[in-house]
Every structure is written in C-alpha cells, then in structure tokens.
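Examining the three-dimensional arrangement
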Amino acid sequence: MKVTLKFFASLREALGAGGPLEVPDGTTVADVRRLLQARDDVHAQALASGRALRCALNQALCPESTVVTDGAELAFFPPVTGG
C-alpha cells in the first residue's frame, strides 16, 4: 500500500518535503520510522529513536503504534514550543 510522507520544520530541512512510500499492510507509524531510519545516515539521525517527534496520520496526532492505511498522509515533525 502507498502512504504519503510529509516532514516539517527541522525534519523538512534535513530530509526534504517527503513523498510517496510503499509499505506492507499492517505497518505502524513506528515501522515507517524504522524503515526511514534504515535509508541512510541523514534519515537515521533525523528520525533517531531517542529523538522526540510528533506524528500525525491524516492530520490527526497519533501514537507510533497506529497502523497506517492505504492512501494515508503521514507527517513527522518536532515538538513545538511557544513563548
């Protein structure tokens, strides 16, 4: 199945805007993160397991245990603070 990736803020600067990704049925957000980490050193560092990131599936915040669906939009972005 195909999902559309989007990266925001510092992740977008490091990884670009995102794009389509083919994943097997039953893939979770955490699985996608691991697949992306395996791409190269830049992805591994930007999406490192110890790094705090937010995830949104179809524009709704979600935990990494969420299963992605065919045609979904999956976004990764760093936590935002204001002041």
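Sequence order as written defines residue numbering, which begins from 1 separately in each chain. Given that the model is predicted, a residue must reach a pLDDT of at least 70 before its local features are reported, and side-chain atom pairs must reach 80 or more before they are shown or counted; all residues, however, enter totals for whole chains, interfaces and linings. Water and hydrogen atoms play no part in the side-chain values, which are based on all heavy atoms of the structure.

Some thoughts on the nonpolar core
In this structure, L5, V32, L36, V68, L74 and F76 are the most contacted members of the largest nonpolar core, which totals 21 residues. To qualify as a helix, a DSSP run of H or I must reach at least 4 residues; to qualify as a strand, a run of E must reach at least 2; elements of each kind are numbered from the N terminus. When contributions to this core are tallied by element, the ones reaching two or more residues are β1 (2–7), α1 (10–15), α2 (29–37), β3 (54–57) and β5 (73–77). In what follows, a contact means two residues having at least one pair of non-hydrogen atoms within 4.5 Å. If we skip the residues at most four places from it in the chain, V32 touches L5, L21, V23, T27, L74 and F76. We call a set of buried residues a nonpolar core when its members are Ala, Val, Leu, Ile, Met, Phe, Trp, Tyr or Cys and they connect through side-chain atoms within 4.5 Å of each other. For every residue, the accessible area obtained with a 1.4 Å probe (protein chains only) is divided by the maximum for its type, and the residue is called buried under 20%, exposed over 50%, and partly exposed between those limits.

Observations regarding the pairing of β3
Within a regular beta strand, the side chains point alternately toward one face of the sheet and then the other, so they alternate between its two faces. Note on pairing: DSSP must find at least two bridges between two strands before they are called paired. The pairing of β3 with β5 spans 4 bridges and is antiparallel. Bridging from a neighbouring strand, C55 pairs with F76 of β5. Summarising the sheet, β3 and strand β4 (residues 60–61) pair through 2 bridges and their orientation is antiparallel. Considered in β4, the bridge of A56 is made with L61.

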